[in-house]
Amino acid sequence: MISRFTLLSCAALAALVPVAAGAQAAPQQPPTMAPAAPAAPGTAPAPTATPGQQQSGELVVDVVGGTSAPLGIAIPVMPTSDVVNTPAGRTDQLGRELAQIVTNDLRNSGLFSPVSPNALKGIAYPEVTAPSFDYWGGAGAQTLVQGFIRANGDGTLTVGCYLYDVFAKSELTRQGFVVSPGDWRRAGHKCADMVYTRLTGEGPYFDSRIIYISETGPKAKRFKRLAIMDQDGANHRFLTNGQSIVLTPRFSPDQKSVVYMSYLNDRPALYVYEIGTAQQRLLVNNPNITFAPRFSPDGRWILFSMAVAGNTDIYRVPVSGGSPQRLTNAPGIDTGGSYSPDGSKIAFESDRSGSQQIYVMNADGSNPQRITFGGGRYATPVWSPRGDLIAFTRISGDFRIGVMSPTGGNERLLTNNWQDEGPSWSPNGRVIAFFRSHQGGAGNADLWSVDLTGVNERKIPTPLDGSDPAWGPLRP
């Protein structure tokens, strides 16, 4: 739990940093510079410029171009006003690690080409608000991120973060945070989110977490545990002990709980795990097999599938439990339900037509419509948090991750591997996490991510094998 995480005003942030001798003070409020125009619903963001191009004084990053020409950016080590030992470590070391967190986040997005903080010159504390623009321009940086960290008398830490346009020699934006020592890494992710959002016009996503299934052991006897971590793999911890198999975890909208399937007592059933208390409870108390759970956007309902008398349908139940309400009524298997962001529609997979395909219906189960007609089978539909796309797994020889419009049009496959499946969206709807199984008999799998260009594909670090990722919302 966060004990304290406060966003500082621009004026309060500026007051914390002295101005270097002979330098001009940075403005008390950042200049007004509008972000790139948002895309129309149902389309990918239109390219406004190639990375680093200036248009009418505006520095922008093309989110469609992928890794073709990432923007050069310098992120020097963040200085401290005074070297102090804190529960999180010495402030000078934390400044080095904060710069590295920002560097890694921006590099992993595929849109930026940062130089390692260790390869850059160090800056003095007063330089944070008075950059040496000529030096950074000569070093090839188009943009510059400078920040600081200081320990406060009440045990908290203050982290400031400034973004500069090197060529225009101007400040673009700034943010500052007061954090508890246990949350210092979050300040780095927040800083990276500020830079990413300001330069791309996209929403933030670095300050978020992923819950997944950690796996180990031989294929015939895999130990599967719930695990949670930051989106970059840090702050990893296990939530269950592996004594029973667990599958398909999904975050609640408020991130306080997780719903998942467990084979506890050799009975496949759904449980809700409260992250703050480490307590779990049975969701549906009946003898039928229940699986494939997912919260509604408002957090009031949990969608799931239940097998009754040889037929599997989609149901919903209040988060507190109670009597399930049946939403589908067709012969065959209906499963994998996912709500649209406004809660009005549900995408799901069904074999009612004779093969595994994706359908969309109203949230009350009415008017189901098939939306996939391509080659092969389609599974695991997941609605984008922006509402413009549905991600899926297409099975046609190999398993591949793809996206399409909610009506089934504009289908695009983003990966091309032997077995990629189980997509889950980042909070801003630009990146998809999934798991990749390896060929052979070991049954090993890893977590991966890919952005909507299909170009920036990367492995997500985990201490053991991983499957069934669920990317949580942006943290408050």
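In case you missed it, the structure is sitting above this.
### Some details on the overall build of the protein chain
Point 1. The helix and strand inventory of the protein chain stands at four helices and 34 strands.
Point 2. A buried classification covers 55% of the 476 residues belonging to the protein chain.
Point 3. Of all intrachain contacts in the protein chain linking residues separated by at least 6 positions in sequence, the fraction that spans at least 24 positions is 46%.
Point 4. When the accessible surface of the protein chain is summed, it comes to about 19,000 Å², and 51% of that surface belongs to carbon and sulfur atoms.

### Details of the state of the cysteines
Throughout this description, disulfide means a covalent bond between two cysteine sulfur atoms.
Point 1. One pass over the structure, following the stated rule, counts one disulfide.
Point 2. Through a disulfide, Cys-161 is tied to Cys-191; the S-S separation comes to 1.8 Å. One quick way to see it: the torsion about the S-S bond of Cys-161 and Cys-191 is about 45°, and its sign makes the bridge right-handed. Of this pair, Cys-161 sits in strand 9 (residues 157-165) while Cys-191 sits in helix 4 (residues 184-200); the two residues are 30 residues apart in sequence, bridging distant segments of the chain.
Point 3. You can call Cys-161 buried: its relative accessible area is 1%.

### Here's the deal with the sheet that holds strand 28 (residues 398-404)
Where strands meet in a sheet, backbone hydrogen bonds hold them as pairs that are either parallel or antiparallel.
Point 1. The antiparallel open sheet is built from four strands, whose spatial order is 26-27-28-29. The open sheet terminates on both sides in strands that have one partner only, identified here as strand 26 (377-383) and strand 29 (412-413).
Point 2. As judged from the seven bridges shared by strand 27 (residues 390-396) and strand 28, these two strands associate in the antiparallel manner. For Ala-391, the partnering residue across the bridge sits in strand 28 and is Val-403.

### Some points on the pairing of strand 18 (residues 289-295)
Point 1. Counted residue by residue, strand 18 has six buried out of seven residues, so it is predominantly covered.
Point 2. Where strand 18 lies against strand 19 (residues 301-308), five bridges are found, and the strand directions are antiparallel. Looking across to strand 19, one finds that Ile-289 is bridged to Ala-307.
Point 3. Linking two consecutive strands that pair antiparallel, namely strand 18 and strand 19, is a turn of five residues; a positive phi of about 75° is found at Gly-299 within it.

### Comments concerning the packing of aromatic side chains
Point 1. Counted under the stated rule, the structure contains twelve aromatic pairs.
Point 2. Seen in terms of ring centroids, Tyr-196 and Phe-206 are 5.5 Å apart; in terms of plane orientation they differ by 75°. Their pairing is edge-to-face. Taken together, the residues span a long stretch of sequence, with Tyr-196 in helix 4 and Phe-206 in the loop between helix 4 and strand 11 (208-216) at a distance of ten residues.
Point 3. For Phe-206, a relative accessible area of 1% gives the class buried.
Point 4. One aromatic cluster in this structure is built from Tyr-196, Tyr-205, Phe-206 and Trp-471.
Point 5. Above the plane of the ring of Trp-301 lies Arg-316, whose end atom (NZ or CZ) is 3.6 Å from the centre.

### Regarding the pairing of strand 24 (residues 357-362)
Point 1. Of all six residues making up strand 24, five are buried, and the element is well covered by its neighbours.
Point 2. Bridge count for strand 23 (residues 345-350) against strand 24 is six bridges, and the pairing is antiparallel. Bridge pairing in strand 24 links Ala-347 to Val-360.
Point 3. In this antiparallel pair of consecutive strands, strand 23 and strand 24, the connection spans six residues, and Gly-354 shows a positive phi of 110°.
Point 4. With two bridges connecting them, strand 24 and strand 25 (residues 369-370) associate as antiparallel partners. Within strand 25, the position partnered with Val-360 by the bridge is Gln-369.
Point 5. The turn joining strand 24 and strand 25, which pair antiparallel and follow one another in sequence, is formed by six residues; a positive phi near 95° is taken by Gly-365.

### Focus: the environment of Leu-283
Point 1. With respect to the element layout, Leu-283 can be found in the loop between strand 17 (279-282) and strand 18.
Point 2. Separated by ten residues in the primary sequence, Leu-283 and Tyr-273 have C-alpha atoms spaced 10.0 Å apart.

### Comments concerning the nonpolar core
Point 1. Leu-106, Phe-112, Val-145, Val-195 and Leu-199 are the most contacted members of the largest nonpolar core, which has 46 residues in total.
Point 2. Setting aside chain neighbours within four positions, we find Phe-112 in contact with Val-61, Pro-70, Leu-71, Ile-73, Leu-106, Arg-107, Val-195, Tyr-196, Leu-199 and Thr-200.

### Re the sheet that holds strand 11
Point 1. An order of 13-12-11-34 is seen for the four strands of this open sheet, with the pairing classed as antiparallel. The outermost strands of the open sheet, each flanked by one partner alone, are strand 13 (237-238) and strand 34 (465-474).
Point 2. With two bridges joining them, strand 12 (residues 223-230) and strand 13 adopt antiparallel strand pairing. In the sheet register, Ile-228 faces strand 13, and the bridge partner there is Arg-237.

### Focus on unusual backbone geometry
Point 1. Its identity is not glycine, yet Lys-169 carries a phi of approximately 55°, on the positive side.
Point 2. Along the chain, Lys-169 turns up in the loop between strand 9 and strand 10 (170-179).
Point 3. The exposure class assigned to Lys-169 is partly exposed, which follows from its relative accessible area of 47%.
Point 4. In this structure, Asn-367 takes a positive phi of about 55° despite not being glycine.
Point 5. Within the element layout of this structure, Asn-367 appears in the loop between strand 24 and strand 25.

### Describing the packing of helix 2 (residues 91-108) against helix 4
Point 1. Here helix 2 crosses helix 4 at 45°, and the two axes come no closer than 8 Å. With respect to helix 4, the element helix 2 is oriented oblique. Every pair of crossing elements has a handedness; the one defined by helix 2 and helix 4 is right-handed. Each of Leu-94, Glu-97, Leu-98, Ile-101, Val-102, Asp-105 and Leu-106 in helix 2 lies in contact with helix 4, whose residues at this interface are Trp-184, Arg-185, Ala-187, Gly-188, His-189, Cys-191, Ala-192, Val-195 and Tyr-196.

Conventions and cut-offs
Numbering of residues starts from 1 in every chain and runs along the sequence as written. Thresholds applied to this predicted model are a pLDDT of at least 70 for local features of residues and 80 or more for the giving and counting of side-chain atom pairs; totals over whole chains, interfaces and linings are not thresholded and use all residues. To get the side-chain values, take all heavy atoms of the structure and skip hydrogens and water. Here a helix means four or more residues in a row that DSSP labels H or I, a strand means two or more in a row labelled E, and each is numbered from the N terminus. Burial classes follow relative accessibility: with a 1.4 Å probe on protein chains only, a residue under 20% of its type's maximum area counts as buried, one over 50% as exposed, and anything between as partly exposed. By the convention used here, residues are in contact when the closest approach between their heavy atoms is within 4.5 Å. For accessible areas, the Shrake-Rupley method is used with a probe of radius 1.4 Å. Any residue's cover is judged against the shown protein chains and nothing else. Any two cysteine sulfur atoms within 2.5 Å of one another count as a disulfide. Only strands joined by at least two bridges in the DSSP assignment are considered to pair. Classification of ring pairs rests on two measures: the distance between centres of Phe, Tyr or Trp rings, Trp counted by its six-membered ring, which must be within 6.5 Å, and the angle between planes, read as stacked under 30 degrees, edge-to-face over 60 and tilted in between. Any Lys NZ or Arg CZ found within 6 Å of a ring centre and within 35 degrees of that ring's normal is scored as a charge over the ring. What makes a nonpolar core is a set of buried Ala, Val, Leu, Ile, Met, Phe, Trp, Tyr and Cys residues whose side-chain atoms join them at distances within 4.5 Å. Think of each axis as a best-fit line through the C-alpha atoms, taken over the contacting stretch in the case of a helix, with angles from 0 to 180 degrees between the N-to-C directions. In this scheme, roughly parallel covers angles under 35 degrees and roughly antiparallel covers those over 145, while 65 to 115 is roughly perpendicular and the rest are oblique. Left-handed describes a crossing in which the near helix is turned anticlockwise from the far one by less than a right angle; the clockwise case is right-handed.

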